[in-house]
Amino acid sequence: MAEYQRSNEEGLWIERATQGDDDAFAQIVESYQVPVYNLCYRMLGNKEEAEDAAQESFLRAYRNLNRYDPERKFVTWLLSIASHYCIDCLRRRRLKLVSLDDLLPRRERGTSTPGAEANYLQLENAEEIRIMLDGIGEKDRAAMILRYWYDFSYEEIAESLSLSISAVKSRLHRTRREMADRWNVQNKAFVNGGRQDEASAI
Amino acid sequence: MKHPQFEALLFDIDHLGHEERIALEAHLRECEHCNVLATSWRDLEGNLISAPKMEPAAGFTERFRERLVVYKRRKQERLTLAVILAILISLIIVTGFFGLELLTFIPSVISLLLKSINGLVLLGGLLTILGDFVLVLLEGITQSLPAGLLLAIAAATSGLAVIWMFSIYRFGFNTLRKE
Ligand SMILES: [Zn+2]
């Protein structure tokens, strides 16, 4: 989390915002809109929902600012609020099936674009990443995103998602395994024979 | 070490010790299953890490400010509604507890009101009579006295009134200052 180190300014904004200064809170929103929005986008997979979730996360932070523990990193606290909000959104979404298209296997929708053979190892656009994250449990997805996009430690993930450190480790392991399997199946059509020579790359 | 243990190492390469690393590399040269899994994960992880950071549309903070205004207004509305509801509920509870007593109290309240109205009517009549009497008295005085004398009496009375008010004002002011 080196990217979002607490500055003196941040401490001042938080203090002023806690005393009811809305302009100070707007400064916080301005500073953290990208990490919060990016998290929501990775969790929910589309711009409209991500915008709404990011806005709502900031509003929740605003309402609960007096509960913020200054010993904690502010951005960790903020992203934890956003994670929980997105987890709730995904749970609600799971309960209402939008269309029959949602029942089709992911592979059929995700790949088979022209020229796929040339760069099948590149998950170049957000849509493809979304497909890889799709179908993974809400908390597992949040753990993956916090680990890979925000460089959270196991401890920080555990704190943010109200899990034990061992639970985080086992969830991450299971999810990596699941994603790697899926990735492997997705590309099997293009992979002929073993690729023993690539093992040395690790 | 066995197959599943190597799988566990595979997904935690950043945290491996030197010996675990060597053991894993040796296993990957022999086991095709783990090898395929390892390369798949390596490609996928690389793509996850290098994925671009998504940014919101311009004006995010302004949109937040608007949302905050709406939130505060709704909060105020909810508060008002809660106060009204609390009053209503208290009224219902009070009526429920003291309903019977209130019912027996109502006739006496009505009779009290009627008596009060009667009293007010009587007082009004009395004031009218007093007004008529003062009017007659004034008419008598103005007819029997010359206009010049009347003006002099009026001027003297006004002067006395001014002096009286001024003295009250001074007296009151001094008392306040002493306090
Ligand atoms: Zn193996």
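All figures in this text were calculated on a predicted structure; none of them were measured in a lab.

About the criteria used
- Residues numbered from 1 in each chain as written.
- Chains lettered and ligands numbered in written order.
- Predicted model: local features only at pLDDT ≥ 70, side-chain atom pairs only at ≥ 80, totals over all residues.
- Heavy atoms only, no water.
- Patch = residues over 30% accessible without salt bridge, like charges linked within 9 Å, V, L, I, M, F, W, Y side chains within 5 Å.
- Areas by Shrake-Rupley, 256 points an atom, 1.4 Å probe, with all protein chains shown as cover.
- Salt bridge = Lys/Arg side-chain N within 4 Å of Asp/Glu carboxyl O.
- Lys, Arg positive; Asp, Glu negative; His and termini not counted.
- Charge placed at Lys NZ, Arg CZ, Asp CG, Glu CD.
- Helix = DSSP H or I, 4+ residues; strand = E, 2+ residues; numbered from the N terminus.
- Buried < 20%, exposed > 50% of the residue type's maximum accessible area, 1.4 Å probe, protein only.
- Donors = N, O, S within 2.8 Å, 3.2 Å for Na, K, Ca; no water.
- Tetrahedral: all angles 85-135°; square planar, octahedral: opposite > 155°, others 65-115°.
- Contact = heavy atoms within 4.5 Å.
- Buried area = accessible area lost by both parts, 1.4 Å probe.
- Polar contact = N/O pair within 3.5 Å; in protein donor to acceptor, adjacent residues only side chain to side chain.
- Nonpolar A, V, L, I, M, F, W, Y, C, P; charged D, E, K, R; others polar.
- Axes fitted to C-alpha atoms, helices over the stretch in contact; angles between N-to-C directions.
- Parallel < 35°, antiparallel > 145°, perpendicular 65-115°, else oblique.
- Left-handed = near helix turned anticlockwise from the far one by under 90°.
- Disulfide = S-S within 2.5 Å.
- pLDDT = per-residue confidence, 0-100.

*Asks:* Describe in detail a positive patch on the surface, supporting the description with residues and values.
*Replies:* A cluster of like positive charges, contributed by Arg63 of chain A together with Arg73, Arg74, Lys75 and Arg78 of chain B, occupies part of the molecular surface. The element contributing the most residues to the positive patch is helix 4 (residues 60-144) of chain B, with four residues. Looking at the element boundaries, Arg63 of chain A is found in helix 3 (residues 47-63). For Arg63 of chain A, a relative accessible area of 40% corresponds to the partly exposed category.

*Asks:* Go over the coordination of the zinc ion, please, and point to the residues and values.
*Replies:* All names here are of chain B. His3 (ND1), His27 (NE2), Cys31 (SG) and Cys34 (SG) make up the full set of protein donors to the zinc ion, lying at 2.1 to 2.4 Å. Considering all four donor atoms around the zinc ion, angles at the metal cover 101 to 117° and the coordination shape is tetrahedral. Spacing between the donor residues of the zinc ion along the chain follows H-x23-H-x3-C-x2-C. For His27, a relative accessible area of 12% translates into the label buried. For Cys34, a relative accessible area of 1% puts it in the buried group.

*Asks:* Describe the interface of chain A and chain B, with residues and values.
*Replies:* Accessible area lost upon the coming together of the parts is a frequently used measure of interface size. Every contact between the two is made by 49 residues of chain A and, on the other side, 41 residues of chain B. With both sides pooled, the region where chain A packs onto chain B buries about 4,600 Å², and carbon together with sulfur makes up 60% of that total. Ionic pairing is found between Glu56 of chain A and Arg67 of chain B, a salt bridge with its closest N-O pair at 2.9 Å. The interface formed by chain A and chain B includes 18 residue pairs in polar contact (both at pLDDT 80 or more). Every element with two or more residues in the side of chain A that touches chain B is listed here: helix 2 (22-44), helix 3, helix 6 (126-133), helix 7 (138-148) and helix 9 (165-187) of chain A. The leading source of residues in the side of chain A that touches chain B is helix 2 of chain A, at twelve residues. Classifying every residue of the side of chain A that touches chain B by side-chain character gives 26 nonpolar, eight polar and 15 charged.

*Asks:* Hey, could you go over the packing of helix 1 (residues 8-18) of chain A against helix 2 of chain A for me, with residue numbers and the actual values?
*Replies:* All names here are of chain A. As a packed pair, helix 1 and helix 2 sit with axes 7 Å apart at the nearest point and diverge in direction by 135°. Regarding the angle of helix 1 to helix 2, the classification is oblique. When the axes of helix 1 and helix 2 are compared, the crossing they make is left-handed. Contact residues: Glu10, Trp13, Ile14, Arg16 and Ala17 in helix 1; Ala24, Phe25, Gln27, Ile28, Ser31 and Tyr32 in helix 2. When its residues are assigned to classes, the contact of helix 1 with helix 2 shows seven nonpolar, two polar and two charged.

*Asks:* I'd like to hear about the state of the cysteines, residue by residue, with values.
*Replies:* Residues and elements named next belong to chain A. With the rule as written, the count across this model stands at zero disulfides over all chains. Cys89 carries a free sulfur, and the closest cysteine sulfur to it, the one in Cys86, is 5.8 Å from it. Classification of Cys89 as buried rests on a relative accessible area of 11%.

*Asks:* Give a detailed account of the side chain of Thr76 of chain A, specifying residues and quantitative values.
*Replies:* Residues and elements named next belong to chain A. In this fold, Thr76 is placed in helix 4 (residues 74-95). Thr76 gets classed as buried once you look at its relative accessible area, which sits at 4%. Discounting chain neighbours no more than four positions away, the residues touching Thr76 are Phe152, Glu156 and Ser160.

*Asks:* So what about the environment of Gln33 of chain A? Which residues, and what values?
*Replies:* By secondary structure assignment, the location of Gln33 of chain A is in helix 2. In sequence terms Gln33 of chain A and Ala54 of chain A are 21 residues apart; their C-alpha atoms lie 7.6 Å from each other. Excluding its chain neighbours within four sequence positions, the residues that come into contact with Gln33 of chain A are Phe58 of chain A together with Pro56, Phe60 and Thr61 of chain B.

*Asks:* Before we move on, can you summarise the confidence of the model for chain B with the specific residues and values?
*Replies:* Residue and element names in this part refer to chain B. Taken residue by residue, chain B gives an average pLDDT of 86. The fraction at 70 or more is 96%. Within chain B, the element-level pLDDT minimum falls on helix 5 (residues 147-178), averaging 81, and the maximum on helix 2 (residues 18-30), averaging 90. Two summary scores accompany this predicted model of the complex, namely pTM at 0.65 and ipTM at 0.75.

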